[in-house]
Structures are given as C-alpha cells and as structure tokens.
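The residues making up each chain are set out below.
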Amino acid sequence: MTVERREAGRLPDGRVVHEYTLSNAHGLAMTVLTLGGIVSTLNVPDAAGRLANVVLGFDNLDDYIHRNPSFGIIVGRYGNRIAGASFTLDGHTYALSRNDGPNCLHGGAEGFGHRLWQAEPDVPHAGEAAALRLRYTSPHGEMGFPGELQVSVRYALGADDNTWRIDYEATTDRATVVNLTHHSYFNLAGRGSALGHRLQLPASRYSEVDEHLIPQRHAPVAGTPFDFREPTVIEARIRQAHPQLLHARGYDHNWLLDGPCDADGLRLAARLHDPSSGRCMAILTSEPAVQFYAGNFLDGSLVGPGGRIYRQGDGVCLETQHNPDSPHHEASDDWPSTVLRPGDVWRSSTIHRFT
C-alpha cells in the first residue's frame, strides 16, 4: 500500500491544492487533486505490462482551474443536465446556475469539480491496496440547490487486481436532489484517438434528446447507431446521419442498463477495449444508467502533457448515473427519483476493472 502527498500549487485565493498518489503492486497508479477530486493520471499496464496514462488531463494546475472541460472531476450536485436550470420540489421552485445554454450542467458553473475538497488516506478494506477519502460540504443555496449537503467520496485501488472503486455518500439537512458521478475521459491506448476502441453497453434502451440534449423519452436501441449490446467500434456509426447524433455532434446520451444487480448491488454498465494495447476496462455500478460521451466538443484548443493536443474523440466518458433531468419527471422505474431527504443517506458505488 502506498499513498503519497505533495503540494500541487495554489488557487487564486491562496488556498493550497494537494496531489495524492495511490498505487498497488500490479502497476496501477493514480494521482488525485484535492481540487474537484480530479483524477489527473491513471497509469495502467497493457497486455505486455507496459504502463500508460489512460485518462486525459493537464500537466499544470492553472489549466485545471481555468480551462478544464470536466477532465477527471467529481460531478455534483447533479451530474448531467437539468432543463431550464430550475426544478420544483415540495412546492418550491429553485433557480439553478445556468451554464449550458438554458440548462444547468454538472451542478452549475462552480459545481463540485471546481471546489477544494478535504482529503486524507483511508484505511484499506479487505482486498484493497490503498484508499483516499475526500469530503466536501456544499452550503444551502450553492449553485441554487437547496440544503446543506455533506458529501464523502472514497477512491480505492485493489490489492489483488487492477480495480479502481468509487464509493459516494451524501446527507442533507433539507430536501434536495443529488446525482453524483465521475467524469474521466478514457483513452485505453494512452495516445491518439479513442474512437477505435470497442464498446459494449448492456442496454436495450437509451434516452432520446432534444436540441439542448435534454432527454425527452426512452427509445429502443435496436436498429439504431445506439445499439452497443454487442462490442462495437465506436467510430463505426458515429458519423451516420441519425438525428440524435446530429443533436449531440456524436454520442452524448443516457443508456438505461438492463438486468438486475448482483448480490453486491452492482451490475455491468460498460466494457471498453483497445485492440492496439490489449487494455480492457469493465465498469460495474449500483446506478441504473450510464452516460456515454464520445468527446465531441474537444476541438484542439486544449493541450495535455508533452504538448498533446486534444481533438474530438481523443477520450470517451462513461458516467454512471441516474437519468438526466429526473427532477422534471415523476418518479417511476423508468425515471428513478434523485430526491434526498433529511435522515436518509444517498449512496452509490462504481468499479472500474482493468485487465
């Protein structure tokens, strides 16, 4: 077990940002910033044991502060979009931060990915090599959301295999909505485009969106470019003239996961495979859905370590979640509630398994 800490820099107001490094005996190593809980690097061995960083990021704190398109962040209070940047709960309407056209995206302009978290190494559980716990208190009214929200996020690396587990917990002092997730951009090759990766999503339905990427209805994937029930190269159908692909400039949609959870409360959300390196990643989650975003808005304006320019499709996101815009839908099996009330605990878990 190793957990190391160093000072990564300071925010404009002088507060210190720390960087933690976690590693195991099998080559898996991650660096985490207390700014946003950002996973800035994730080194994973390939089929020949060679290590490469499989997440997009920057090599300096200034870019994370001023130019980060959600690379590696903890997303909150509400992952994805809430239409019209407002919602009504218990007869009260709350106006939210409007940072995505007319919508609130990823908790608003200063969501959890922009906040400084408290961090400390955590005692590893059985089967774990190293763990880090991050905490943040979101005050009532932050980005317009009601309730003081106490949030704990725990990252842990496996001792016996190359797994990265995330466990989320949240409590509130008044009714609110919560939808936490993580926003790493994955490229299992560690370079070039990720659109040649093969993706499998065990989901027979996805959420059709309007021109503002707000879900309107759930539709079958059969016969569409959104059918990833069998492993499929991402770029194989991404340029088809399907109206849903045109809305999002590619894939940026919510898939409803099929099948029940296992005895640990988890189910398969996605499998991603890079043929060039042999790296595979399976994602298991307690969440009912996953957002697949193919890095459509990376436009060459951002530069990563070694002068690498990030272009469209250079990284893909697989964000385990409840459905976007759930506060505007009556709770049901198809639209599970995201409401959290005092006395309850919001919990969620996601495992990334690398082979």
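Residues numbered from 1 in each chain as written. Predicted model: local features only at pLDDT ≥ 70, side-chain atom pairs only at ≥ 80, totals over all residues. Heavy atoms only, no water.

## A word on the pattern of salt bridges
Right, so step 1: The tally for this structure, following the rule as stated, stands at 20 salt bridges.
Right, so step 2: Between Asp-252 and Arg-81 there is a salt bridge, with its nearest N and O atoms 3.7 Å apart. Taken together, the residues Asp-252 in strand S21 (residues 252-256) and Arg-81 in strand S7 (residues 81-82) connect sequence positions 171 residues apart. In terms of burial, Asp-252 and Arg-81 fall into one category: buried.
Right, so step 3: Among the salt bridges present, the one from Arg-217 reaches Glu-208, with a minimum N-O distance of 3.0 Å.
Right, so step 4: Taken together, the salt bridges that share partners define one network made up of Asp-122, Glu-128, Arg-133 and Arg-154. (Salt bridge = Lys/Arg side-chain N within 4 Å of Asp/Glu carboxyl O. Helix = DSSP H or I, 4+ residues; strand = E, 2+ residues; numbered from the N terminus. Buried < 20%, exposed > 50% of the residue type's maximum accessible area, 1.4 Å probe, protein only.)

## As for the nonpolar core
Right, so step 1: With 60 residues, the main nonpolar core has Leu-42, Tyr-155, Tyr-251, Trp-255, Phe-292 and Leu-318 as its most contacted residues.
Right, so step 2: Here this core gets five residues from one element, more than from any other, and that element is strand S13 (residues 149-158).
Right, so step 3: If sequence neighbours within four positions are ignored, Tyr-251 has contacts with Pro-225, Phe-226, Phe-228, Ile-234, Arg-237, Ile-238, Leu-245, Phe-292, Tyr-293, Ala-294 and Asn-296.
Right, so step 4: In this structure, Leu-33, Leu-56, Phe-58 and Tyr-293 belong to the second largest nonpolar core, which totals 19 residues. (Core = buried A, V, L, I, M, F, W, Y, C linked by side-chain atoms within 4.5 Å. Contact = heavy atoms within 4.5 Å.)

## So, the pairing of strand S19 (residues 215-220)
When a strand is regular, its side chains alternate between the sheet's two faces.
Right, so step 1: Of the pairings in the sheet, the one linking strand S18 (residues 205-209) to S19 comprises five bridges and is antiparallel in character. Across the sheet, residue Val-209 finds its bridge partner in S19, namely Pro-215.
Right, so step 2: Where S18 hands over to S19, the hairpin turn is made up of five residues, of which Leu-213 adopts a positive phi near 65 degrees. (Pairing = 2+ DSSP bridges.)

## Some points on the environment of Ile-38
Right, so step 1: The residue Ile-38 is located in the loop between strand S3 (29-33) and strand S4 (39-45) in this model.
Right, so step 2: Non-local contacts of Ile-38, meaning those with residues more than four positions away in its chain, are made with Thr-31, Val-32, Leu-33, Tyr-64, Asn-68, Phe-71, Gly-72, Ile-73 and Gly-113.

## Some details on the sheet that holds S4
Right, so step 1: With antiparallel pairing, five strands are arranged side by side in an open sheet as S1-S2-S3-S4-S5. Each of the sheet's edge strands pairs with one partner strand only, and the pair in question is strand S1 (2-10) and strand S5 (51-53). Averaged over all pairs of adjacent strands, the angle between their axes in this sheet comes to 15 degrees, without regard to strand direction.
Right, so step 2: For S4 and S5, the ladder comprises three bridges, and the chain directions are antiparallel. Residue pairing for S5: Asn-43 is matched across the bridge by Asn-53. (Axes fitted to C-alpha atoms, helices over the stretch in contact; angles between N-to-C directions.)

## Section: the environment of Ala-236
Right, so step 1: Along the chain, Ala-236 turns up in the loop between strand S20 (232-233) and helix H2 (243-248).
Right, so step 2: Expressed as a C-alpha distance, the spacing of Ala-236 and His-273, which sit 37 residues apart in the sequence, is 15 Å.

## Quick word on the sheet that holds S21
Right, so step 1: Taken in spatial order, the five strands line up as S19-S18-S21-S24-S27 in an open sheet, and their pairing is antiparallel. Because the sheet does not close on itself, it has two edges, and the strands there are S19 and strand S27 (317-321). Averaged over all pairs of adjacent strands, the angle between strand axes in this sheet comes to 30 degrees, irrespective of strand direction.
Right, so step 2: Relative to S21, S18 is paired through two bridges, and the arrangement is antiparallel. Paired with Tyr-206 across the strands is Trp-255, a residue of S21.

## Things to note about unusual backbone geometry
For residues besides glycine, phi is generally negative; the peptide bonds are generally trans as well.
Right, so step 1: Cis geometry marks the peptide bond from Gly-76 to Arg-77, where omega comes out at 0 degrees.
Right, so step 2: For Arg-77, the position within the fold is in the loop between strand S6 (74-75) and S7.
Right, so step 3: Unusually for a residue other than glycine, Leu-213 sits at a positive phi of about 65 degrees.
Right, so step 4: The class for Leu-213 is buried, based on a relative accessible area of 8%.
Right, so step 5: Not every positive phi belongs to a glycine, and Asp-325 is a case in point at roughly 60 degrees.
Right, so step 6: Here Asp-325 lies in the loop between S27 and strand S28 (339-340).

## Section: the packing of aromatic side chains
Right, so step 1: Per the counting criterion, the structure on display carries 23 aromatic pairs.
Right, so step 2: When the centroid spacing of 5.9 Å and the interplanar angle of 85 degrees are considered together, the rings of Phe-112 and Trp-117 count as edge-to-face. Like Trp-117, Phe-112 is buried.
Right, so step 3: Plain terms: the ring middles of Tyr-293 and Phe-297 are 6.3 Å apart, the flat faces sit at 25 degrees to each other, and that makes the pair stacked. (Phe/Tyr/Trp six-rings, centres within 6.5 Å; stacked < 30°, edge-to-face > 60°.)

## Points about the side chain of His-183
Right, so step 1: When you line up the elements, His-183 lands in the loop between strand S16 (181-182) and strand S17 (198-200).
Right, so step 2: Assessed through its relative accessible area of 4%, His-183 is described here as buried.
Right, so step 3: Each residue touching His-183, except ones within four places of it in the same chain, is listed here: Pro-69, Ser-70, Phe-71, Gly-72, Ile-73, Val-75, His-106, Cys-317 and Glu-319.

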